[in-house]
Amino acid sequence: MYNMRKLLVIVSFFTAGAVHAQSLTRKAAFAKGQQLEKTTVMKMNMNMEMMGQSLEMVNNNTMTSLLEVKNTTDKEVVIANTIKRIVAHASSMGQEMDYDSDKPEDANNDMGKMMGSSVGKTSHVTIDKKGFVTANDDSSLNEVAKKAGGMMGFENGGFASPNKVGASFDGIGNLPEKPLKIGDTWADSTVEKNSPNKVVTNYKLVAINGGEAQIALDGTVAKTIETEQSGMTMTVTMKGKTTGTYTMDVASGIIRKRNMQLDATGSMEMAGQSIPYTMKMTSEENIAKK
């Protein structure tokens, strides 16, 4: 009995040590022909103060895309991203608009004219084996993200990566180059040249279980853009905080689920008027095998 207990203690010790020693490394492991379906649900609520009155705008969108690995080499991966479906709802000042790209009757309404041309379009992103973007023709998808984020022109409300060359591909975990253990933290920042725009994100590896890793994040966003509304130039400023989590596959580096929230304040300057606003935006993303 003593020997059996001693053996169990030794086995438990080594098992616990193996679990504790689990680490996470940055990678982007894709197979040629692999297909993934990506579904992103974005919800935005904005409250503005205009001439002493409060105005609420609501914008909810669901976009389904197909990611297909077109080619792989020992150095890079080429991924095609095709928008398969967009479902959108917007309401403001008592008016509502709806669009579903699967409904032919929606093609000619105002929202359909704005977003419908993007459905079926394919863009390509080339990444290296660490998941950094080396080339892309991603402009059409970025434009969809801007439209889905409302009329303000912030890509996905300021939280998504537009897959610019040199950036981390948004389909994999944005990890540092060194191996990570549970509890490790790291940070990433994006600063646009000659611009006040800055996004800072802090990460923490929370858990590794059953081949999945969970990462918690928080950060800050500061953006200023110029856009046109009804033929007039409008300057929009935004400052906010982001929080969220994502779950990724340890073996491939591919993100499976991601949830994020942005709470922001800012103003819109147009025709000599300044309109303050508050905004809350949430994003829920799922990537699954086809």
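Residues numbered from 1 in each chain as written. Predicted model: local features only at pLDDT ≥ 70, side-chain atom pairs only at ≥ 80, totals over all residues. Heavy atoms only, no water.

Some words on the overall build of the protein chain
Applicable threshold: Put simply, DSSP marks the helices as runs of H or I at least four residues long and the strands as runs of E at least two long, and each gets a number from the N terminus on. In this scheme, a residue with accessible area under 20% of its type's maximum is buried, one over 50% is exposed, and one in between is partly exposed, where area comes from a 1.4 Å probe on protein chains only. What makes two residues a contact is simply this: any of their non-hydrogen atoms within 4.5 Å. For the area figures, the Shrake-Rupley method with a 1.4 Å probe applies, and any residue is considered shielded solely by the protein chains shown.
Within the protein chain one finds three helices and 12 strands. The buried share among the 290 residues of the protein chain stands at 41%. Within the protein chain, residue pairs in contact and separated by at least 24 positions form 58% of the contacts whose partners lie at least 6 positions apart. Carbon and sulfur atoms make up 53% of the accessible area of the protein chain, which amounts to about 15,800 Å² in all.

As for the packing of aromatic side chains
Spelled out, the test is: Stacked, tilted and edge-to-face are the three classes assigned to paired rings of Phe, Tyr and Trp, where Trp is represented by its six-membered ring and a pair needs centres within 6.5 Å; plane angles under 30 degrees give stacked, over 60 edge-to-face, the rest tilted.
Under the counting rule described, the total for this entry stands at two aromatic pairs. Between Trp-186 and Tyr-203, the aromatic rings sit 5.4 Å apart at their centres with planes inclined by 10 degrees, giving stacked as the arrangement. Residue Trp-186 is located in strand 7 (residues 185-191), and its partner Tyr-203 is located in strand 8 (residues 198-209); the two are separated by 17 residues in the primary sequence. An identical accessibility class is assigned to Trp-186 and Tyr-203; each is buried.

Structural notes on the nonpolar core
This is how it is decided: Definition used in this section: a nonpolar core is a set of buried Ala, Val, Leu, Ile, Met, Phe, Trp, Tyr and Cys residues joined via side-chain atoms within 4.5 Å.
Core analysis: the largest hydrophobic core is formed by 18 residues, its most contacted members being Met-46, Met-48, Met-238, Leu-262, Met-268, Tyr-277 and Met-279. Of all the secondary-structure elements, those providing two or more residues to this core are strand 1 (35-50), strand 2 (53-72), strand 9 (212-229), strand 10 (232-249), strand 11 (255-270) and strand 12 (273-289). Ranked by size, the runner-up nonpolar core spans 15 residues in total, among them Tyr-203, Leu-205, Ile-215 and Met-260.

A short note on the environment of Asp-263
Here is the rule: Polar contact is defined as a pair of N or O atoms within 3.5 Å, subject to the rule that within protein one atom must be able to donate a hydrogen and the other to accept it, and that residues adjacent in sequence are counted only when both atoms are side-chain atoms.
Considering the arrangement of structural elements, one finds Asp-263 in strand 11. A sequence separation of 15 residues divides Asp-263 from Thr-278, and the C-alpha atoms of the two residues are 7.8 Å apart. Beyond its immediate stretch of four places on either side in the chain, Asp-263 contacts Lys-239, Gly-240, Lys-241, Met-279 and Lys-280. Within the structure, the side chain of Asp-263 is placed 2.8 Å from the side chain of Gln-261, a separation counted as a polar contact.

Brief notes about the confidence of the model for the protein chain
The condition is simple: Residue-level confidence of the predictor, termed pLDDT, takes values from 0 up to 100.
Across the protein chain, the average pLDDT comes to 83, with 83% of residues at or above 70. Per-element confidence in the protein chain ranges from a low mean pLDDT of 46 for helix 1 (residues 2-20) to a high of 94 for strand 8. Taken as a whole, residues 7-20 scores under 50 in pLDDT and shows zero contacts with residues more than four places along the chain or in a different chain. Throughout residues 144-160 the model reports pLDDT below 50, and contacts reaching past four residues in sequence, or to other chains, amount to 53 contacts.

Some remarks on the environment of Asn-259
In this structure, Asn-259 sits in strand 11. Sequence spacing of Asn-259 and Leu-217 is 42 residues, and the spatial spacing of their C-alpha atoms is 9.9 Å. Apart from the residues within four sequence positions on either side, Asn-259 is in contact with Thr-243, Gly-244, Thr-245, Ser-283 and Glu-284.

Notes on the pattern of salt bridges
Here is the rule we go by: Just to be clear on terms, a salt bridge is a Lys or Arg side-chain nitrogen sitting within 4 Å of an Asp or Glu carboxyl oxygen.
Scanning the model with the defined rule gives 11 salt bridges in all. With its nearest N and O atoms 3.4 Å apart, the salt bridge here joins Glu-68 to Lys-70. Among the ionic pairs, Arg-256 bridges to Glu-212, the shortest N-O distance being 2.5 Å. Highlighted residues: Arg-256 in strand 11 and Glu-212 in strand 9, separated in sequence by 44 residues. For Arg-256, a relative accessible area of 32% gives the class partly exposed.

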